[in-house]
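Residue-level listing of the chains:
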Number of protein chains: 2
Amino acid sequence: MRPDYSVYLVTDRPLCGGRALMEVVAQAVQGGVTMVQLREKHADTREFVELAQALLRVVRPVGVPLLINDRIDVAMAVGADGVHVGQRDMPYADARRMLGSEAIIGLSVESLEQAREAEQWDVDYFGVSPVFATGTKTDTGDPWGLEGLRCLRRASTKPLVGIGGLGPSNAEDVLRAGADGIAVVSAICGACDPVAAAAELRRAVSAAS
Amino acid sequence: MRPDYSVYLVTDRPLCGGRALMEVVAQAVQGGVTMVQLREKHADTREFVELAQALLRVVRPVGVPLLINDRIDVAMAVGADGVHVGQRDMPYADARRMLGSEAIIGLSVESLEQAREAEQWDVDYFGVSPVFATGTKTDTGDPWGLEGLRCLRRASTKPLVGIGGLGPSNAEDVLRAGADGIAVVSAICGACDPVAAAAELRRAVSAAS
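Treat the numbers as computed from the prediction; the structure is a model and nothing was measured. (Residues numbered from 1 in each chain as written. Chains lettered and ligands numbered in written order. Predicted model: local features only at pLDDT ≥ 70, side-chain atom pairs only at ≥ 80, totals over all residues. Heavy atoms only, no water.)

Novice: Quick rundown of the overall build of chain A? Include the residues and the values.
Specialist: The helix and strand inventory of chain A stands at nine helices and eight strands. Expected size for 209 residues packed as a compact globule is a radius of gyration near 17 Å; at 16 Å, chain A falls within 12% of this value. If one aligns the C-alpha atoms of chain A with their principal axes, the spans along those axes are about 40 × 40 × 35 Å. For chain A, the proportion of its 209 residues judged to be buried stands at 56%. Within chain A, contacts between residues separated by at least 24 positions form 58% of all contacts whose residues are at least 6 apart in sequence. Summed over its atoms, the accessible surface of chain A is roughly 8,600 Å², and 49% of this surface lies on carbon and sulfur atoms. (Helix = DSSP H or I, 4+ residues; strand = E, 2+ residues; numbered from the N terminus. Rg over C-alpha atoms; globule rule 2.2 N^0.38 Å. Buried < 20%, exposed > 50% of the residue type's maximum accessible area, 1.4 Å probe, protein only. Contact = heavy atoms within 4.5 Å. Areas by Shrake-Rupley, 256 points an atom, 1.4 Å probe, with all protein chains shown as cover.)

Here it is, written out as structure tokens:
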């Protein structure tokens, strides 16, 4: 069964403020998030593994897949559902070889050229990064914009998950431009009420379907 | 065949100054280093993989094993000889499960308690960390000292590789206290002449045998 990419949460512990990541993710899942990616850029490996194990206990009972950002070893250690890799992360072919054909593996594409190269690979989805400029992640290429997303939609048969500057106000536009889902960081991690924030995103995505 | 831990280089690119890591490692191997560990705390995964591949081309032709610090996925991607894990890295059992029984896996031990716990595992060697206080690595426990090393030698049957503040002046003492080898960072990476530095360490180790 093809995974449901429609409302895709990428975690950011600092953005959760004082709240535990588990709590925020549990609320996000309750609100309707369909996929979670654990992204940790500063944790040591032990902590990363422990966070991933804790998140699995939150998302697995409700059937929401957990992907790990970049770290194939962490994904393998905990038995996560897959990984998301960027252009400076583990090469896609190595990630697939290590994780096997059943794993969900997403790849960030920052240009049509990168998407064309990866189109022939068995990547499960493309992370379209960034759709709009964002303060959360600064090591990215130029934004795709809605027009760039439309071009990519015509060029690729892969599921497309938009990320970067997305929220309830533009989710519908992004879906109509060809995305299969929207990935958010601050729109949920930074929300006062993650349940409500996730539910609002879910409604916005549904409205475009 | 049991690996030769006698002069064990742990890499540190900043300490190499302007020199390429490959060049310093090639010289160290020429001087008599018997094992190399690639340690990278700031590289992205892609760069880490590329550095590991480049180092393998240097050390494999001369039969010197290459271990990767912490990152099981990097070791798997490049087919390195093994990994070295610390107490905050990937749990040992997970590392062994992923890498298989043939891989060389070393574990840092910072106390007798940690060594006793790991004694029953099939760890290939213990990194005795730190033997003396050092400026290279600051997130470590209290130094073992020579007396602590002697105690550990009596408590463990594992090969022991001392690390921390080691160089030609104290290598012989560390070997006589029970170590099977000495691991160095700055004594080679920071040396004007890595060939000579490695050769001097090799002589010091031989003198104690």
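Read on, since the account is not over.
Novice: Would you mind going over unusual backbone geometry in detail, with residue names and values included?
Specialist: Residue and element names in this part refer to chain A. The amide bond that connects S129 to the next residue, P130, takes the cis arrangement and shows omega of -15 degrees. Position of P130 relative to the elements: it lies in the loop between β6 (125–128) and α6 (145–155). Here the phi dihedral of D70 falls at roughly 75 degrees; this positive angle occurs in a residue that is not glycine. With respect to the element layout, D70 can be found in the loop between β3 (66–69) and α3 (72–78). Among the residues examined, D70 registers a relative accessible area of 7% and is labelled buried.

Novice: Lay out the packing of aromatic side chains with the relevant residues and their values.
Specialist: Residues and elements named next belong to chain A. Counted by the stated rule, this structure contains six aromatic pairs over all chains. Taking 4.9 Å as the distance between ring centres and 50 degrees as the angle between the ring planes, the aromatic pair formed by Y5 and Y125 counts as tilted. Separated by 120 residues along the polypeptide, Y5 in the segment before β1 (7–10) and Y125 in strand β6 bring together distant segments of the chain. What makes Y125 buried here is its relative accessible area of 1%. (Phe/Tyr/Trp six-rings, centres within 6.5 Å; stacked < 30°, edge-to-face > 60°.)

Novice: I'd like a description of the relation of the copies chain B and chain A, backed by residues and values.
Specialist: Between the two copies, chain B and chain A, the superposition gives an RMSD of 0.0 Å; the rotation angle is 180 degrees and the shift along the axis is 0.0 Å. Those values place the two copies in the arrangement expected of a two-fold rotation axis. Residues of chain B ranked by C-alpha distance from the rotation axis are headed by D73 of chain B, positioned 2.4 Å from it. Most of the interface of chain B is mirrored in chain A, where 100% of its interface residues are also at the interface. (Least-squares fit on C-alpha atoms with pLDDT ≥ 70 in both.)

Novice: Before we move on, can you summarise the sheet that holds strand β4 (residues 82–85) of chain A with the specific residues and values?
Specialist: Residue and element names in this part refer to chain A. Taken together, eight strands build a closed barrel; the order of strands is β1-β2-β3-β4-β5-β6-β7-β8 and the barrel is parallel. Neighbour-to-neighbour, the strand axes of this sheet turn through a mean angle of 25 degrees, independent of strand direction. Bridge analysis of β3 against β4 gives three bridges, and the strand direction is parallel. Within the sheet, the bridge partner assigned to I68 lies in β4 and is V83. This element, helix α2 (residues 45–59), spans β2 (35–38) and β3 of the sheet and lies at about 160 degrees to β3. (Pairing = 2+ DSSP bridges. Axes fitted to C-alpha atoms, helices over the stretch in contact; angles between N-to-C directions.)

Novice: Account for the interface of chain B and chain A, with residues named and values stated.
Specialist: In this complex, chain B contributes 22 residues to the contact, which on the side of chain A involves 22 residues. When chain B packs against chain A, close to 1,800 Å² is buried across both sides, 51% of that on carbon and sulfur atoms. On the chain B side of the interface with chain A, the three residues burying the most area are R46, D73 and R88 of chain B, jointly 34% of the side's total. The tally of links between chain B and chain A comes to four salt bridges. Between R88 of chain A and D44 of chain B there is a salt bridge whose closest N-O contact spans 3.0 Å. The interface formed by chain B and chain A contains 14 residue pairs in polar contact (both at pLDDT 80 or more). (Buried area = accessible area lost by both parts, 1.4 Å probe. Salt bridge = Lys/Arg side-chain N within 4 Å of Asp/Glu carboxyl O. Polar contact = N/O pair within 3.5 Å; in protein donor to acceptor, adjacent residues only side chain to side chain.)

Novice: Can you lay out the nonpolar core for me, pointing to particular residues and giving the numbers?
Specialist: I68 of chain A together with I68 of chain B are the most contacted members of the largest nonpolar core, which totals 130 residues. When residues no more than four places from it in sequence are discounted, the contact partners of I68 of chain B are Q37, L38, F48, A52, V74, A75, A80, G82, V83 and H84 of chain B. (Core = buried A, V, L, I, M, F, W, Y, C linked by side-chain atoms within 4.5 Å.)

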